[in-house]
Each structure stands twice: as C-alpha cells, then as structure tokens.
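What follows is each chain in one-letter form.
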Amino acid sequence: MKRRVYSPTGELIERECGRCKHLLPPSSFSATPSTPDKLCNVCKACAKVIWHENVTNKRVSCILHRLKSKAQKICVPFDLTVDDLVIPTHCPVLGIPLEFGKSGTAAWRDNSPSVDRIVPSLGYVKGNVVVISYRANRVKNDATVEELNKVTQFYNNLCGDKGMWKA
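Since the model is a prediction, treat every value here as computed from it, not as a measurement. (Residues numbered from 1 in each chain as written. Predicted model: local features only at pLDDT ≥ 70, side-chain atom pairs only at ≥ 80, totals over all residues. Heavy atoms only, no water.)

Enquirer: Teacher, can you tell me more about the overall build of the protein here?
Expert: A tally of helices and strands in the protein yields three helices and seven strands. Taken from N to C terminus, the helices and strands of the protein fall in the order β-β-β-β-β-α-β-β-α-α. What you see for the protein is a C-alpha radius of gyration of 24 Å, clearly larger than the 15 Å of a compact globule of 167 residues, by over 25%. If one aligns the C-alpha atoms of the protein with their principal axes, the spans along those axes are about 80 × 45 × 25 Å. Relative to its full complement of 167 residues, the protein shows a buried share of 26%. Sequence separation of at least 24 residues holds for 38% of the intrachain contacts in the protein that already meet a minimum separation of 6. For the protein, the computed accessible surface area is about 11800 Å², with 58% contributed by carbon and sulfur atoms. Mean positive and mean negative side-chain charge positions of the protein (25 and 15 charges, respectively) differ by 6 Å. (Helix = DSSP H or I, 4+ residues; strand = E, 2+ residues; numbered from the N terminus. Rg over C-alpha atoms; globule rule 2.2 N^0.38 Å. Buried < 20%, exposed > 50% of the residue type's maximum accessible area, 1.4 Å probe, protein only. Contact = heavy atoms within 4.5 Å. Areas by Shrake-Rupley, 256 points an atom, 1.4 Å probe, with all protein chains shown as cover. Lys, Arg positive; Asp, Glu negative; His and termini not counted. Charge placed at Lys NZ, Arg CZ, Asp CG, Glu CD.)

Dropping the structure here:
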C-alpha cells in the first residue's frame, strides 16, 4: 500500500510514488479516474522515464527485426537480443547526440542510431556490433581501417593547417 499523508482536514498532502518511493505532493502526479484518490500510481517524472524506456525498447525491437532480416539476406549469423543492443546518448565515433527519427517515419538522419558490425563477416552477433551514428556508419561504409587511415593521411597532407575542409 502506498504511503499517504493527510492534513487534519482530511486533504491529501503527500503521496508515495510507486516507482521512486518518494513522498510527493499531489501536483506531482497526473490525474486518472481509475484509482481511489484519482491520481496515477507513479509521479510525472517516473512516468516520463517509463515512457522513454518503453519507446526505446520498441524502437530497439524494430531495429533488431530489420537486422535479423538483413542478416538472412546477406547470409551472416544473427543472435542479438534487446539487452545486447544499448543505444548510447552520443555517437562514440563523432560525438554527436543520437536521436531517433519521428515515429512512423523511415527517414534516416545523420544522428540516427545505426548498428555497425565490427567484423562484417562475423554477422550481427554479441560482441561484434556497436551502435554509432548513421553518419559515422555511412562514412565508414565498407572501408577497412587501413583504407580509412589512408584517406585521413591524404587529406591531412593535402590540407594541413589551411583549414580548407570546413563543415
């Protein structure tokens, strides 16, 4: 049973959140007709976290479904689960914030999360994938580390400190 604190007049002063267990004023809870005190069981802050977790899990599930289909098409192993795919807040390669596109759209943006196979031939398996930005994955595409180093070296030699290549 959730803890509640009432005033001497019987007015609800504080109520316990079912998730964070903090005693909070009624204004910290959304209204709902389905409970005796007409307040949601979790505070607004916890409800927001729960919503974000659910949306992220649904999106990760969709990503996994696409990856599994792709793995079958290109004949590589697949054994990932929702727990194996952690979406970071920022791209570990470029440092840009990662964001999902609007729900219901398939548009990929530069800062969309993208799953990269570290060793492509090993497939989408535990320990062989990393989530990076779509931009970083596109830049890397099918190049080897040696090829990427050569491209970097070439443009460093070509441009040096001239600052010719600006975003």
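Next comes the rest of the description.
Enquirer: In this structure, what is going on with the sheet that holds strand E3 (residues 23-24)? I would like to understand it.
Expert: By way of backbone hydrogen bonds, the strands of a sheet pair with one another, either parallel or antiparallel. On the basis of which strands lie adjacent, the open sheet formed by three strands has the order E1-E2-E3 and antiparallel pairing. With one partner strand each, in any of the chains shown, strand E1 (4-6) and E3 form the two edges of the open sheet. (Pairing = 2+ DSSP bridges.)

Enquirer: What am I meant to see in the nonpolar core here?
Expert: Taken as a class, soluble globular proteins show a tendency for nonpolar side chains to be buried jointly. Counting 16 residues, the largest nonpolar core has Leu67, Leu80, Leu85, Val115, Tyr124 and Val129 as its most contacted members. Looking at this core, the elements with two or more residues in it are helix H1 (44-74) and strand E7 (129-133). If you tally residues by element for this core, the top one is H1, at five residues. Membership of the second largest hydrophobic core comes to seven residues, among which are Leu24, Leu39, Cys43 and Cys46. (Core = buried A, V, L, I, M, F, W, Y, C linked by side-chain atoms within 4.5 Å.)

Enquirer: Would you explain H1 in this entry?
Expert: Because an α-helix completes one turn every 3.6 residues, residues spaced three or four positions apart along the sequence face the same direction. Compared with the 45 Å implied by 1.5 Å per residue over 31 residues, the 45 Å span of H1 between its first and last C-alpha is a close match. Of all the positions in H1, only Cys46, Val55, Thr56, Val60, Ile63, Leu64, Leu67 and Ala71 are classed as buried. Residues of H1 that are buried in the fold lie against strand E5 (39-43) and strand E6 (113-117). Positive backbone phi, approximately 60°, marks Cys75, located one or two places after H1. (Expected span 1.5 Å × (residues − 1).)

Enquirer: How should the pattern of salt bridges be read in this particular structure?
Expert: For the structure on display, the rule yields nine salt bridges. In this structure, Asp84 and Lys126 form a salt bridge, with 3.2 Å as the shortest nitrogen-oxygen distance. Of this pair, Asp84 sits in the loop between H1 and E6 while Lys126 sits in the loop between E6 and E7, and the two are 42 residues apart along the sequence. Using a relative accessible area of 28% as the deciding quantity, one classes Asp84 as partly exposed. Note on Lys126: relative accessible area 48%, which makes it partly exposed. (Salt bridge = Lys/Arg side-chain N within 4 Å of Asp/Glu carboxyl O.)

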